[in-house]
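As a plain string of letters, each chain reads:
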Amino acid sequence: MSKTYWLAGAAAAFALTTGAQAQPAPAPRPYDAAVFAAAKALQPKVVAWRRDFHEHPELSNSEVRTAKIVADHLRKLGLEVRTGVGKTGVVGILKGGKPGKVVALRADMDALPVAEQTGLAFASKVTAQYNGQTVPVMHACGHDSHTAILMGTAEILATMKDQVDGTVVFIFQPAEEGPPPGEEGGAPLMVKEGVLKNPKVDAIFGLHAFPGPVGAMVWRPGPMMAASDRFEIQLKGRQAHGSMPWQGIDMSSLTADIVTAFNQVTSRQINVSKTPTVLTVATLHGGLRYNIIPEDMTLTGTLRTFDPGMRTDVIARAEKAVTSITERYGASAKFTWGNHNPVTDNNRILAAAMKPTLTRATGGKVLDDIDYIMGAEDFSYFQKEVPGFFYHLGVGNPKGGNHSPFFDVDEAAMEIGVRAQALMALDFLKGS
Ligand SMILES: [Zn+2]
Ligand SMILES: [Zn+2]
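Residues numbered from 1 in each chain as written. Chains lettered and ligands numbered in written order. Predicted model: local features only at pLDDT ≥ 70, side-chain atom pairs only at ≥ 80, totals over all residues. Heavy atoms only, no water.

Participant: Now, about the nonpolar core: what can you tell me, with residues and values included?
Facilitator: Judged by nonpolar contacts, the single largest core of 87 residues is most densely connected at Leu157, Val168, Phe170, Phe172, Phe205 and Phe389. When residues of this core are assigned to their parent elements, the largest contribution, eleven residues, is made by helix H10 (residues 412-429). If we ignore the near neighbours within four places in the chain, the residues touching Val168 are Gly92, Ile93, Leu94, Val103, Leu105, Leu157, Ala425 and Leu429. If you look at the next biggest cluster of nonpolar residues, it comprises 25 residues, including Ile270, Met297, Val314 and Phe335. (Core = buried A, V, L, I, M, F, W, Y, C linked by side-chain atoms within 4.5 Å. Buried < 20%, exposed > 50% of the residue type's maximum accessible area, 1.4 Å probe, protein only. Helix = DSSP H or I, 4+ residues; strand = E, 2+ residues; numbered from the N terminus. Contact = heavy atoms within 4.5 Å.)

Participant: Can you explain helix H7 (residues 308-329)? Please cite residues and give values.
Facilitator: Spanning 22 residues, H7 covers 32 Å between terminal C-alpha atoms, matching the ideal 32 Å at 1.5 Å per step. The complete set of buried residues in H7 reads Met310, Val314, Ile315, Ala318, Ala321, Val322, Ile325 and Thr326. Mapping the buried residues of H7 onto a view down its axis gives an arc of 135°, with all of them on the same face. Projecting away from the buried face of H7 at angles above 90 degrees are the exposed residues Pro308, Thr312, Lys320, Glu327 and Arg328. Against strand E10 (227-236), helix H6 (251-269), strand E12 (278-285), strand E14 (296-305) and strand E15 (332-341) lie the buried residues of H7. Within two residues after H7, Gly330 carries a phi angle of roughly 80°, on the positive side. (Expected span 1.5 Å × (residues − 1). Arc of directions from axis to C-beta.)

Participant: Quick one: what's the story with the sheet that holds strand E6 (residues 166-173), residue by residue and with numbers?
Facilitator: Strand order in this open sheet of eight strands is E1-E2-E6-E3-E7-E18-E8-E17, and the pairing throughout is mixed. This sheet does not close on itself; its edge strands, each paired only once, are strand E1 (80-85) and strand E17 (366-367). Contacts from helix H8 (residues 348-362) reach strand E7 (203-210), strand E8 (217-218), E17 and strand E18 (388-394) within the one sheet, and its direction differs from that of E18 by about 30°. (Pairing = 2+ DSSP bridges. Axes fitted to C-alpha atoms, helices over the stretch in contact; angles between N-to-C directions.)

Note that every value here comes from positions in space, so none of it alone points to a role or purpose.
Structure follows, in structure tokens:
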């Protein structure tokens, strides 16, 4: 994710909108003032929820405490509440004053195995079990703010029920960061369990905290975030003394050849002018001692693509490279792919129709032509079923980006997030 470019691009665009080429501001709707006032009044509660979630983060598929707080809140608002959807997910259904369409708003609830270094008064001290190890846990992707924003949005819309022309489905999703190995979870499991049916959802909206100008909304119509695939390569060779590599199989040399071959696949063998593609070997594990060539090496990494044909092609080329290199060395390899997320693909008609809504919610701080983002989102599974629109909320400039131990949210952005989510639901149900 190219944070610097994004910031520069956003700053330039916002400068333009306040200059001579500014677009006329969309006319306010009758309920705008009420939504703005309610979001302002609710802000202390939203901040308190976020800080509480931040201090008590839970890993993917373990969001039990968070889910209970969410479900209790939604019940208090008088919503129909379903729990245990996709393991720990919570769904709240608000029937408005008039019958109409059904709109879904989604927030993710899970945290990450990251050791927090923000120094915040409410920083996490939590540890949990992950992959057989005790790990620190932190809301390093801002999902604490997403959950708090959607709880605030639910409260506003519940109190404005008579002005809601249809039904709002609030989806609090577990395991966006990916379920633990061997488990199902996240958006695909919620879809499988029928979260978009009964009532049948007509459109879905989601937001994500991202470094950038506080309270700005940015997106890209069409494909915005990459498809992601995880891989693992288990290599088996022959152990030998480090001084006599000819007696074994030189695993570091073999590994280096694989990494080089992968880099050449994405830079030299596919059409780089089409869409961006990244193939990264992120971890290399093998060996115990400086003078022993190990028998085993394990590589893991990720593939990011925007085009299904290119994805298939890169996978085939990567597998062919590993097969031919290991054969050349006399080693063997087991190549495994997993955890696929499709492209986060914003419905262009929906995104265009809702742009005035986000413009009103942010006071004009919108940018709809950001670069492709190589990060992935399992919101894409909802978008495969129904028209969906995903946008990023600028949360200031923390010392580190998403997934860093320094990631933080400027809480002022959450008030704008609440405004935006409430207006998105109201406007969509009015026919936008
Ligand atoms: Zn994340
Ligand atoms: Zn995230």
